[in-house]
Amino acid sequence: MSITAAGAVLAGGRSSRYGRAKMFEIYNGKPLYQYSLDAFEGAGIEKRIYYYK
């Protein structure tokens, strides 16, 4: 049996208290969203859905 998986990173909100989109902040040399994408890749998830509002 084959299992198909997809990964989704949901990022939204106005970041009104923070002042800018947190997902683009750099942590240890990478933007925060990149950690999710790296995890998908490590898990072998090839189908990825991106949505940023």
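Asks: Quick question: what am I supposed to make of the overall build of the protein here?
Replies: A count of helices and strands for the protein gives one helix and four strands. Mapped in sequence order, the helices and strands of the protein form the string β-β-β-α-β. Buried positions account for 19% of the 53 residues belonging to the protein. Restricting to contacts in the protein with at least 6 residues of sequence separation, those with at least 24 account for 56%. When the accessible surface of the protein is summed, it comes to about 4700 Å², and 54% of that surface belongs to carbon and sulfur atoms.

Asks: Explanation requested: the pattern of salt bridges in the structure shown.
Replies: Taken as a whole and judged by the stated rule, the model has two salt bridges. Arginine 20 serves as the salt-bridge partner of glutamate 25, at 2.5 Å between the closest nitrogen and oxygen. For lysine 30, the salt bridge goes to aspartate 38, with nearest N and O atoms at 2.6 Å. Residue aspartate 38 is classed as partly exposed on the basis of its relative accessible area of 29%.

Asks: Please clarify how the confidence of the model for the protein should be interpreted in this entry.
Replies: Detailed reading of the predicted coordinates is not advisable wherever pLDDT falls low. For the protein, per-residue confidence averages 81 on the pLDDT scale, and 87% of positions sit at 70 or higher. Of all helices and strands in the protein, the one with the weakest mean pLDDT is strand S4 (residues 47-52) (68), whereas strand S2 (residues 26-27) scores best (94).

Asks: Looking at this structure, I do not really get the packing of aromatic side chains. What am I missing?
Replies: How two aromatic rings sit relative to each other is given by the distance of their centres and the angle of their planes. Summed over all chains, the structure comprises two aromatic pairs. When the ring of phenylalanine 24 is compared with that of tyrosine 33, the centres are 5.9 Å apart and the planes differ by 75°; the resulting orientation is edge-to-face. The class for phenylalanine 24 is partly exposed, based on a relative accessible area of 43%. Residue tyrosine 33 is classed as partly exposed on the basis of its relative accessible area of 28%. Ring centres of tyrosine 27 and tyrosine 35 lie 6.1 Å apart, and the angle between their planes is 55°; on these two criteria the pair is classed as tilted.

What counts, and where the lines are drawn
- Residues numbered from 1 in each chain as written.
- Predicted model: local features only at pLDDT ≥ 70, side-chain atom pairs only at ≥ 80, totals over all residues.
- Heavy atoms only, no water.
- Helix = DSSP H or I, 4+ residues; strand = E, 2+ residues; numbered from the N terminus.
- Buried < 20%, exposed > 50% of the residue type's maximum accessible area, 1.4 Å probe, protein only.
- Contact = heavy atoms within 4.5 Å.
- Areas by Shrake-Rupley, 256 points an atom, 1.4 Å probe, with all protein chains shown as cover.
- Salt bridge = Lys/Arg side-chain N within 4 Å of Asp/Glu carboxyl O.
- pLDDT = per-residue confidence, 0-100.
- Phe/Tyr/Trp six-rings, centres within 6.5 Å; stacked < 30°, edge-to-face > 60°.

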